[in-house]
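The lines below spell out each chain.
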Amino acid sequence: MALDSKIPSGPLDKKWSQYKSSVKLVNPANKKKIDIIVIGTGLAGASAAASLGELGYKVKVFCFQDSARRAHSIAAQGGINAAKNYRNDGDSVYRLFYDTIKGGDYRSREGNVHRLAEVSVNIIDQCVAQGVPFAREYSGLLDNRSFGGVQVSRTFYARGQTGQQLLLGAYSALNRQVKEKAVELFTRHEMVEVVIENGKARGVIVRDLVTGEIQRHAAHAVVLATGGYGNVFFLSTNAMGCNTTAIWKAHKKGAFFGNPCFTQIHPTCIPVHGEYQSKLTLMSESLRNDGRVWVSKSKGDKRKPQDIPEEERDYYLERKYPSFGNLVPRDIASRAAKEACDDGRGVGESGMAVYLDFADAIKKYGKDTISSRYGNLFEMYDKITGEDPYKTPMMIYPAVHYTMGGLWVDYNLMTNVPGMYATGECNFSDHGANRLGASALMQGLADGYFVLPYTIGDYLSGEILTGKIKTDSAAFDEAEKNVRAQIDKLMSVKGTKSVDFYHRKLGKVMWDKCGMARNAKGLTEAIEEIKKIRTEFWSDVKIPGTANELNPELEKAIRVADFIELGELMCRDALHREESCGGHFRSEFQTPDGEALRNDDQFAYVGAWEYKGENQPQELHKEELVFESVHLTQRSYK
Amino acid sequence: MKLTLKIWRQKNKSDKGGFETYQLNNVDTHASFLEMMDVLNEQLIEENKIPVAFDHDCREGICGACSMVINGRPHGPLKGTTTCQLHMRHFNDGETVTIEPFRANAFPVLKDLVVDRTSFERIQQAGGYISIGTGSAPEANNIPVNKVDADKAFDAAQCIGCGACVAACKNGSAMLFVGAKVSQYALLPQGHPERMERVLNMVAQMDEEGFGGCTNTGACEAECPKEISVANIMRLNREYISAKLSVERE
Ligand SMILES: Cc1cc2nc3c(=O)[nH]c(=O)nc-3n(C[C@H](O)[C@H](O)[C@H](O)COP(=O)(O)OP(=O)(O)OC[C@H]3O[C@@H](n4cnc5c(N)ncnc54)[C@H](O)[C@@H]3O)c2cc1C
Ligand code: SF4
Ligand code: FES
């Protein structure tokens with residue numbers, strides 16, 4: 001099947017404005033007759049639900065947390081990019097576009113990325129008007145900082161809690177629509193199936209997490225804004241509840257999965273410290289603005305950091321990448337840390353960590369300045385590790401952080417299933433093989449506030465005569481039956497091992513063989529190991545309690561069942577992509593000095609996988625990436 | 001280290017509930033409080049018992065999901081710290097730790113340590129926003145904000161909506177939570193046009209939800225994991241009185 005990205009024709013910087021002036025609209029009277037379901041209340045979901053409600057559509061929005069405000073976007077720390085050029089340092093829409101394409105190692109679509117850069121400026125305006133308390137200068141104007149992978153200061157921030165403040169802004173817009181009765185909000189509800197009728201998305205099946213009730217909800221369009229799937233690795237910086245269930249169920253009902261193996265490993269996280277560990281904590285990338293990364297020059301050096309003299313330290317990022325230094329993109333910084341540790345030069349008890357040192361910055365700017373920049377991050381580090389970063393260097397190690405892959409969508413953010421949309425982290429669209437810092441928040445809000453409200457009209461204008469979608473159709477019966485069967489099956493295994501046992505096991509295989517470095521042998525093994533885990537899970541998992549009550553173990557089991565299947569697909573995708581690009585590093589494909597070696601002749605495409613049925617391998621479809629404006633080069637940050 | 005845990009168990013909303021005691025023999029001091037709870041739950045599953053239900057998600061102190069009253073204090077003994085950011089190194093070997101849900105009139109228990117905080121949602125829906133439609137915002141730097149006010153607004157905006165202030169208060173008052181939101185918008189020029197309606201609506205909803213009145217005990221500020229200041233309650237009172245007066249004058 002040919003994948004049509006529906007990128008409008010015309011010059012790159014005119015595509016979006018021309019599209020907007022010619023897109024089909026739904027008139028206000030008709031909007032009232034149209035129902036839209038939004039799954040997710042993170043930046044992508046809350047902004048979409050609020051904006052669609054304002055336009056006059058009838059919206060239902062769902063999240064699994066007890067409040068819309070607790071979506072995982074709340075945890076984002078560092079900032080949000082926008083091409084405002086307030087610093088007059090040479091930034092522009094084109095530069096943000098170019099940085100994003102390059103940072104993504106040329107595996108994203110020009111049209112989508114340019115649009116993202118264009119609307120980035122509107123996002124800041126919108127958020128400020130909502131009362132988001134961004135950092136300001138004494139002049140009263142907005143402040144900016146720089147972030148990894150770029151040479152301009154375009155990142156807006158609210159101390160170390162940018163995601164929180166942006167999400168609370170979107171949440172307030174959502175609350176206003178809830179009060180207006182334009183949006184109906186369902187918290188503690190988890191989507192467990194999509195309903196497709198005559199080839200179109202027509203609704204969802206959700207489980208009320210408090211009562212266990214299975215419910216049907218119908219609509220003319222379904223928007224998935226369910227976040228990333230990094231928890232397939234068990235340990236990640238994602239919140240505990242982040243999952244793939246919504247998009248995986250959509251995939252099994254026909255939506256193609258784009259570039260599933262593109263995973264971002266974030267370089268600055270607190271290292272793993274014990275068997276019981278439940279998640280990893282990110283230390284914002286903004287720390288690399290002032291912190292210097294180093295290890296000892298000699299292997300197995302067990303001296304305290306203070307006892308290692310300057311000339312025996314290897315500031316390896318500054319050494320290898322003199323022009324970007326500590327600010328190289330995430331994939332490069334992560335791999336360099338892994339290399340240093342694999343070389344036996346890692347620090348700390350486990351040897352699986354490197355130093356991030358603020359001593360020089362404190363000397364240069366004073367403790368107060370550093371504390372005003374990173375105070376809350378230093379405090380958080382101290383709370384978790386019991387060590388004071390003002391006195392001793394932080395120890396950091398890479399951890400799974402973000403998934404660039406996700407449901408394949410066209411320029412309209414619609415999947416290949418008509419009426420089913422995917423926005424925010426759960427789609428594959430804008431970040432290619434590696435995302436730049438502070439760009440996920442930008443994408444989530446761009447999709448929800450400024451893109452989807454336009455593009456969805458193109459499809460819904462064809463739905464104004466459809467009338468109310470009924471929930472008593474055969475398609476709904478079938479979908480509900482499947483959900484009940486899956487839950488019954490899980491509850492009836494009554495095995496011996498907890499859900500977490502299998503999740504950890506899956507996570508270990510994924511991290512070891514589909515993590516920071518991958519190769520054909522490891523990936524082939526991983527696929528077999530995951531198949532085994534899957535068989536064991538379905539024959540020996542133990543879920544206490546019943547399905548008709550608040551049952552966190554059952555919630556986890558439903559999610560882990562999907563993670564296991566997704567894990568296998570990620571390995572297949574990683575195996576088929578015989579090149580290294582961005583976060584996907586195949587050790588067989590590297591330059592003599594250890595950098596990722598792309599193969600543009602054969603792999604400049606989006607790998608979109610089609611589900612073919614239980615125990616059948618997915619089929620690969622290719623969307624060739626066409627570059628009209630940028631010239632593909634070997635990324636260099638030296 | 002070894003711990004004895006006395007935990008509130010309650011099957012559902014209508015169950016009476018009561019304490020159960022559990023032993024944990026091998027708790028790592030570097031583990032977080034919730035990781036300790038994970039270990040307990042693994043043990044309970046192993047023993048064919050029902051694990052303890054509790055709310056949590058980010059485990060980074062920012063989503064506001066985790067709750068629990070630990071040894072009588074919401075979010076436990078450490079100042080300015082959520083339960084998920086509390087580590088076992090702050091407990092002693094052999095200690096007995098009592099764990100209860102956040103209790104308040106307006107927070108009914110759903111199961112074990114999980115409570116229903118949707119009353120907070122309804123307060124926010126009553127007025128916790130600035131009425132600006134998508135796409136109609138002016139250029140951001142056309143609204144300069146004095147840095148001091150911006151910083152104060154930020155301090156108030158840090159509230160994570162956890163409800164510890166309510167659980168800490170003998171009256172079950174939500175004044176700190178409401179004061180934080182009202183203050184954020186009252187301090188910013190963007191919030192001024194709807195200032196009066198906002199405070200009146202939010203306070204009316206707060207009363208309707210069954211939160212108690214404020215008698216200035218300061219327990220809320222002491223237990224708030226984000227150290228939201230009671231100055232925000234004073235600002236709430238001022239905003240409320242001036243809104244009330246001006247409505248009466250009209
Ligand atoms: C620690 C951390 C720090 C970060 N810092 C930054 C940063 O500084 N800058 C930046 O740009 N990006 C950052 N990111 C990335 C960024 O935060 C995320 O990519 C982004 O917030 C995702 O937003 P989203 O709306 O797509 O999804 P989320 O915010 O993850 O929201 C998902 C929503 O979907 C709901 N949901 C999921 N599954 C279901 C289901 N089955 N049924 C019902 N509801 C469901 C959830 O309840 C939730 O409401 C960070 C990420 C992490 C982990
Ligand atoms: S004011 Fe403090 S204690 Fe109360 S909800 Fe907000 S963060 Fe929690
Ligand atoms: S789990 Fe998010 S604040 Fe504790």
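1. Describing the overall build of chain A
- From N to C terminus, chain A includes 17 helices and 19 strands.
- In terms of overall size, chain A behaves like a compact globule, its C-alpha atoms giving a radius of gyration of 24 Å where 638 residues would be expected to give roughly 26 Å.
- Projected onto the principal axes, the alpha-carbon positions of chain A cover approximately 75 × 60 × 50 Å.
- Classification of the 638 residues of chain A by burial places 67% in the buried group.
- Restricting the contact set of chain A to residue pairs at least 6 apart, pairs at least 24 apart contribute 74%.

2. Focus on the site of ligand 2
- For ligand 2, the set of nearby residues contains 13 residues, the closest of which are Cys159, Cys162, Gly163, Cys165 and Cys224 of chain B.
- Only helix H4 (164–168) and helix H5 (175–187) of chain B provide two or more residues apiece to the shell around ligand 2.

3. Focus on the site of ligand 1
Residues and elements named next belong to chain A.
- Taken together, 38 residues surround ligand 1, and among them Gln65, Ser73, Gly78, Met191 and Glu425 come closest.
- In the environment of ligand 1, an oxygen atom lies 3.1 Å from a nitrogen or oxygen atom belonging to the backbone of Phe64.
- Leu441 is positioned such that a nitrogen or oxygen atom in its backbone is 2.8 Å from an oxygen atom of ligand 1.
- For ligand 1, the accessible surface in isolation is 1000 Å², of which the surrounding protein chains cover 98%.
- Judged by the proximity of its atoms to the pocket grid, ligand 1 belongs to the largest cavity.
- Counting only elements with at least two residues in the shell around ligand 1, the list comes to helix H3 (43–55), strand E6 (189–197), strand E15 (394–403) and helix H12 (440–460).
- Among the residues making up the shell around ligand 1, the classes are represented as 17 nonpolar, 18 polar and 3 charged.

4. Description of the sheet that holds strand E12 (residues 292–296) of chain A
Residue and element names in this part refer to chain A.
- Strand order in this open sheet of 5 strands is E11-E15-E14-E12-E13, and the pairing throughout is antiparallel. Edge positions in the open sheet fall to strand E11 (263–269) and strand E13 (313–314), since each of these has one partner strand only.
- Pairing analysis gives 2 bridges linking E12 to E13, with the strands arranged antiparallel. Of the residues in E13, the one forming a bridge with Val295 is Asp314.
- Contacts from helix H9 (residues 330–342) reach E11, E12, strand E14 (354–357) and E15, with the element oriented near 65 degrees to E11.

5. Considering the confidence of the model for chain B
- Per-residue pLDDT for chain B has a mean of 97; in total, 100% of the residues score no lower than 70.
- Here the predicted complex scores 0.97 on pTM and 0.98 on ipTM.

6. With respect to the domain arrangement of chain A
Residues and elements named next belong to chain A.
- Here chain A is partitioned into domain 1 (268–398) and domain 2 (486–606).
- When each unit is reduced to the centre of its C-alpha atoms, the spacing between domain 1 and domain 2 is 29 Å.
- Contact with domain 1, which involves 11 residues of that partner, is made by 10 residues of domain 2.
- Carbon and sulfur atoms make up 53% of the surface buried where domain 1 meets domain 2, a total of about 770 Å² over both sides.

7. With respect to unusual backbone geometry
Residue and element names in this part refer to chain B.
- We note that Arg59 has phi near 55 degrees; this positive angle belongs to a residue other than glycine.
- You can see Arg59 is positioned in the loop between helix H1 (33–46) and strand E3 (69–70).
- Not every positive phi belongs to a glycine, and His75 is a case in point at roughly 65 degrees.
- Within the secondary structure, His75 sits in the loop between strand E4 (73–74) and strand E5 (96–100).

8. Some details on the domain arrangement of chain B
Residues and elements named next belong to chain B.
- Domain assignment breaks chain B into domain 1 (3–111) and domain 2 (117–133 + 140–246).
- Computed from C-alpha atoms alone, the centre-to-centre distance between domain 1 and domain 2 is 28 Å.
- At the junction of the two partners, domain 1 supplies 22 residues and domain 2 supplies 20 residues.
- For the pair domain 1 and domain 2, the summed buried surface comes to about 1500 Å²; carbon and sulfur atoms form 57% of the total.
- Close ionic contact of Arg117 with Asp55 constitutes a salt bridge, the shortest N to O distance being 3.6 Å.
- Run the count over domain 1 and domain 2 and you get 5 residue pairs in polar contact (both at pLDDT 80 or more).

9. Things to note about helix H6 (residues 162–179) of chain A
All names here are of chain A.
- If you check H6, its first and last C-alpha atoms are 26 Å apart, about what 18 residues at 1.5 Å a residue would give, namely 26 Å.
- For H6, the tally of buried residues reaches 17 of 18 residues, placing the bulk of the element in the interior.
- Count one or two residues on from H6 and you reach Lys181, which has phi positive near 65 degrees.

10. Section: the sheet that holds strand E18 (residues 605–610) of chain A
All names here are of chain A.
- The 4 strands are arranged E16-E10-E18-E19 in an open sheet whose pairing can be described as antiparallel. Unpaired on one side and paired on the other, strand E16 (406–407) and strand E19 (619–624) mark the two borders of the sheet.
- Judged from the 2 bridges that link them, strand E10 (residues 257–258) and E16 form a sheet pairing that is antiparallel. Its bridge partner lying in E16, Gly258 is registered against Gly406.

11. Quick look at the pairing of strand E9 (residues 221–224) of chain A
Residues and elements named next belong to chain A.
- Burial along E9 is two-sided: the residues Ala221 and Val223 and Val222 and Leu224 are all buried.
- Taken together, the 4 bridges between strand E1 (residues 35–39) and E9 define a ladder with parallel strand orientation. Counterpart to Val38 in the pairing with E9 is Val223.
- Pairing geometry for E9 and strand E17 (residues 420–422), over 3 bridges, is parallel. From the neighbouring strand, Leu224 faces E17, where its bridge partner is Ala422.

12. Some thoughts on the interface of chain A and chain B
- Taken together, the contact pairs 74 residues of chain A with 72 residues of chain B.
- With both sides pooled, the region where chain A packs onto chain B buries about 6100 Å², and carbon together with sulfur makes up 51% of that total.
- When the area that chain A buries against chain B is broken down by residue, the three leading residues are Arg70, Tyr276 and Lys383 of chain A, summing to 11%.
- Counting across the chain A and chain B interface gives 6 salt bridges.
- Glu549 of chain A is the salt-bridge partner of Lys111 of chain B, the closest N and O atoms lying 3.4 Å from each other.
- Along the contact surface separating chain A from chain B lie 47 residue pairs in polar contact (both at pLDDT 80 or more).
- Those elements that place two or more of their residues in the side of chain A that touches chain B are H3, helix H5 (110–130), H6, helix H11 (367–385), H12 and helix H16 (552–576) of chain A.
- Among the elements that take part in the side of chain A that touches chain B, H6 of chain A stands out by supplying 9 residues, more than any other.
- Its residues assigned to classes, the side of chain A that touches chain B comprises 30 nonpolar, 25 polar and 19 charged.

13. Structural notes on empty space enclosed by the protein
- This structure, assessed with the given rule, holds 11 cavities of 30 Å³ or more.
- In this model, the largest cavity occupies a volume close to 810 Å³.
- Mapped onto the lining of the largest cavity, the elements with two or more residues apiece are H3, E6, E15 and H12 of chain A.
- Of the residues that constitute the lining of the largest cavity, the class distribution is 19 nonpolar, 23 polar and 6 charged.
- As a volume, the second largest cavity reaches approximately 150 Å³.
- Taken together, 15 residues make up the lining of the second largest cavity; nearest its centre are Lys279, Thr281 and Ile384 of chain A together with Glu35 and His87 of chain B.
- Among the residues forming the lining of the second largest cavity, the class breakdown is 5 nonpolar, 7 polar and 3 charged.

14. Considerations on the side chain of Gln124 of chain B
- Checked against the element boundaries, Gln124 of chain B lands in helix H2 (residues 118–127).
- Non-local contacts of Gln124 of chain B, meaning those with residues more than four positions away in its chain, are made with Arg69, Tyr171 and Asn175 of chain A together with Tyr129, Phe177, Lys181 and Met202 of chain B.

15. Some details on the nonpolar core
- Ranked by size, the top nonpolar core spans 232 residues in total, and within it Ile80, Phe134, Leu224 and Ile456 of chain A carry the most contacts.
- Among the elements that take part in this core, H16 of chain A stands out by supplying 12 residues, more than any other.
- Setting aside chain neighbours within four positions, we find Ile80 of chain A in contact with Ile123, Ile124, Phe134, Arg154, Thr155, Phe156, Thr162, Leu166, Ala438, Leu441, Met442 and Leu445 of chain A.
- Grouped together as the second largest cluster of nonpolar side chains are 28 residues, Leu3, Met68, Leu86 and Ile99 of chain B included.

16. Observations regarding the packing of aromatic side chains
All names here are of chain A.
- A full pass over the atoms with the stated rule returns 30 aromatic pairs over all chains.
- Ring centres 5.9 Å apart and planes at 55 degrees place the aromatic pair Trp248 and Phe257 in the tilted group. Phe257 shares its class with Trp248; the two are buried.
- Taken together, a centroid distance of 6.2 Å and an interplanar angle of 15 degrees make the contact between Tyr374 and Phe378 stacked. Of the two residues, Tyr374 and Phe378 are both situated in helix H11; the distance of 4 residues between them amounts to about one turn of the helix.
- Taking relative accessible area as the criterion, Tyr374 reaches 2% and is therefore assigned buried.
- Overall, Phe378 belongs to the buried group, its relative accessible area being 1%.
- In textbook terms, an aromatic cluster arises when at least three aromatic residues are bridged by ring pairs, as seen for Trp16, Tyr19, Tyr411 and Tyr454.
- Directly above the aromatic system of Tyr315 lies the positively charged group of Arg292, at a separation of 3.8 Å from the ring centroid.

Conventions we followed
Residues numbered from 1 in each chain as written. Chains lettered and ligands numbered in written order. Predicted model: local features only at pLDDT ≥ 70, side-chain atom pairs only at ≥ 80, totals over all residues. Heavy atoms only, no water. Helix = DSSP H or I, 4+ residues; strand = E, 2+ residues; numbered from the N terminus. Rg over C-alpha atoms; globule rule 2.2 N^0.38 Å. Buried < 20%, exposed > 50% of the residue type's maximum accessible area, 1.4 Å probe, protein only. Contact = heavy atoms within 4.5 Å. Near = heavy atom within 4 Å. Polar contact = N/O pair within 3.5 Å; in protein donor to acceptor, adjacent residues only side chain to side chain. Areas by Shrake-Rupley, 256 points an atom, 1.4 Å probe, with all protein chains shown as cover. 1 Å grid on protein atoms, 1.4 Å probe; cavity = no way out; pocket = protein on both sides within 12 Å on 5 of 7 lines; lining within 4 Å. Sits in = over half its atoms within 2 Å of the grid points. Nonpolar A, V, L, I, M, F, W, Y, C, P; charged D, E, K, R; others polar. Pairing = 2+ DSSP bridges. Axes fitted to C-alpha atoms, helices over the stretch in contact; angles between N-to-C directions. pLDDT = per-residue confidence, 0-100. Domains from an automatic or database assignment. Buried area = accessible area lost by both parts, 1.4 Å probe. Salt bridge = Lys/Arg side-chain N within 4 Å of Asp/Glu carboxyl O. Expected span 1.5 Å × (residues − 1). Points joined across faces, edges and corners; volume = space filled by probe spheres on them. Core = buried A, V, L, I, M, F, W, Y, C linked by side-chain atoms within 4.5 Å. Phe/Tyr/Trp six-rings, centres within 6.5 Å; stacked < 30°, edge-to-face > 60°. Lys NZ or Arg CZ within 6 Å of the ring centre and 35° of its normal.

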